[in-house]
Amino acid sequence: MKKATTFRIARMAPAVLLTAALGVGAALGLTACGGQTDQGQQPSGTTSQQPAATPSEKKDPVSTQLKDLDLQIDITDLDVTGDGTPNILRIEAEESTSGFLAGVDVLVDGKSALQLPGESKDLYYYTAQARYVMTSNGVPFLELSCTGDNDYAVVNGLYGYDAEKGQFTQVLDFVTFVDEEYGTHRRGAVNSVDGTTISVKYGLMSYILGYGLTFAFDYDVADDGTLKRTSDQTERIEYVADNKECTAQSNEYFKLNRKVEGYAQPDDDSAKTILKKGTKITPKVVAVVDGDDLFVQFQEKGTGQSYWIEADVAPDYAHDQIDTLLDGVMYAG
């Protein structure tokens with residue numbers, strides 16, 4: 001199994017970094033626009049300046065937070081740089097001459113710390129949302145989501161502050177987490193914060209389990225801002241069958257419309273078996289391996305045997321139900 005990718009950001013921190021954890025966070029729904037309600041502890045207002053820690057000192061953990069942010073106003077009670085003191089944060093959605101939104105400018109203490117789209121591509125969108133994430137070891141993040149035509153996410157990811165550059169850098173891109181060949185409307189959102197662990201819920205209109213596929217992965221956040229996915233696999237999946245929401249425990253069986261290769265592990269080179277057309281299977285686990293390859297583990301009805309199947313890729317005719325891998329699953333549009 002390929003090891004999960006590790007992301008690292010440079011941060012300004014005390015001599016001894018925080019190590020204790022404080023759990024908090026309830027599950028969040030994944031919305032089309034990425035907007036979420038505040039599920040973490042609210043900031044207590046102004047945070048007092050604390051003296052720098054010596055190598056022998058341990059500091060108490062900070063309160064974890066997952067908080068919606070208002071745009072176009074100064075926010076003065078949040079530590080967004082990770083140095084333990086509040087900053088002046090302002091997030092501006094820039095309007096174009098044509099009436100839609102064309103950029104995002106994040107200012108910290110009056111200085112631009114992030115400008116989108118940057119030089120790489122054009123950007124236009126209709127709605128923008130921002131959220132503040134704080135882990136118990138004092139590592140802050142911003143989650144930014146901008147939604148364009150047909151509810152496509154044009155910006156959707158997690159940003160950490162690089163103290164050396166005085167800039168926010170993207171540490172997780174929710175849109176590209178899964179390759180585009182597996183479905184459309186790919187997006188994500190921080191689901192909860194528990195101590196030093198961030199849970200991210202991803203979703204897409206998939207070509208294997210239809211329009212309602214979501215799954216959650218956890219990331220451990222180190223004191224230096226490094227994010228590491230705790231596993232390549234997750235049982236925290238949701239999908240839609242017969243117009244009802246299902247989970248891995250629902251045991252909702254689908255019939256195969258064609259034969260397919262089944263693997264013992266998602267990154268195996270050779271198939272363990274060939275599952276015949278008409279076999280009934282139910283989804284149990286999702287894996288994202290080798291960067292952005294999507295696999296689903298199914299359990300066969302009757303035998304109880306489990307096999308990994310690579311997620312279906314875009315069909316020639318997206319709405320042609322004859323070519324679907326699983327009977328009763330609607331292709332993404």
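The structure this text deals with has already been given above.
A brief report on the enclosed structure follows. (Residues numbered from 1 in each chain as written. Predicted model: local features only at pLDDT ≥ 70, side-chain atom pairs only at ≥ 80, totals over all residues. Heavy atoms only, no water.)

1. Brief notes about the nonpolar core
Formed by 46 residues in total, the largest nonpolar core has its most connected members in Phe 141, Leu 158, Tyr 202, Leu 209, Phe 215 and Leu 326. Per element, the largest residue contribution to this core is five residues, and it comes from strand 13 (residues 213–221). The next biggest cluster of nonpolar side chains, apart from the first, holds 26 residues, and it includes Val 80, Leu 114, Tyr 125 and Cys 146. (Core = buried A, V, L, I, M, F, W, Y, C linked by side-chain atoms within 4.5 Å. Buried < 20%, exposed > 50% of the residue type's maximum accessible area, 1.4 Å probe, protein only. Helix = DSSP H or I, 4+ residues; strand = E, 2+ residues; numbered from the N terminus.)

2. Some thoughts on a positive patch on the surface
The grouping of Lys 255, Lys 277, Lys 280 and Lys 301 at the surface amounts to a positive patch. Within the element layout of this structure, Lys 301 appears in the loop between strand 22 (293–300) and strand 23 (306–310). (Patch = residues over 30% accessible without salt bridge, like charges linked within 9 Å, V, L, I, M, F, W, Y side chains within 5 Å. Areas by Shrake-Rupley, 256 points an atom, 1.4 Å probe, with all protein chains shown as cover. Salt bridge = Lys/Arg side-chain N within 4 Å of Asp/Glu carboxyl O. Lys, Arg positive; Asp, Glu negative; His and termini not counted. Charge placed at Lys NZ, Arg CZ, Asp CG, Glu CD.)

3. Observations regarding the packing of aromatic side chains
Per the counting criterion, the structure on display carries seven aromatic pairs. Relative to Phe 217, the ring of Phe 215 lies with its centre 6.0 Å away and its plane at 80 degrees, an arrangement referred to as edge-to-face. Take Phe 215 and Phe 217: they sit in the same class, and that class is buried. Note on Tyr 239 and Phe 254: the rings are 6.0 Å apart at their centroids and 55 degrees apart in plane angle, and the pair reads as tilted. In this pair, Tyr 239 sits in strand 16 (residues 237–241) while Phe 254 sits in strand 18 (residues 254–255), placing the two residues 15 residues apart along the sequence. We classify Tyr 239 as buried; its relative accessible area is 1%. Owing to a relative accessible area of 5%, Phe 254 belongs among the buried residues under this scheme. Pairwise contacts between aromatic rings join Phe 174, Phe 177, Tyr 202, Phe 215 and Phe 217 into one cluster. Geometry around Phe 217 places Arg 229 over its ring, the cationic atom sitting 4.8 Å from the centre. Just above the ring of Tyr 253 sits the side chain of Lys 301; from NZ or CZ to the centre is 5.3 Å. (Phe/Tyr/Trp six-rings, centres within 6.5 Å; stacked < 30°, edge-to-face > 60°. Lys NZ or Arg CZ within 6 Å of the ring centre and 35° of its normal.)

4. Observations concerning the sheet that holds strand 10 (residues 167–173)
Sheet architecture is open: five strands sit in the order 2-7-8-9-10, paired in antiparallel fashion. The open sheet is flanked by strand 2 (65–69) and strand 10, the only strands paired with a single partner. Across the sheet, the mean angle separating the axes of adjacent strands is 30 degrees when strand polarity is ignored. Bridge count between strand 8 (residues 140–147) and strand 9 (residues 153–162): seven bridges; the pairing is antiparallel. In the sheet register, Thr 147 faces strand 9, and the bridge partner there is Ala 153. (Pairing = 2+ DSSP bridges. Axes fitted to C-alpha atoms, helices over the stretch in contact; angles between N-to-C directions.)

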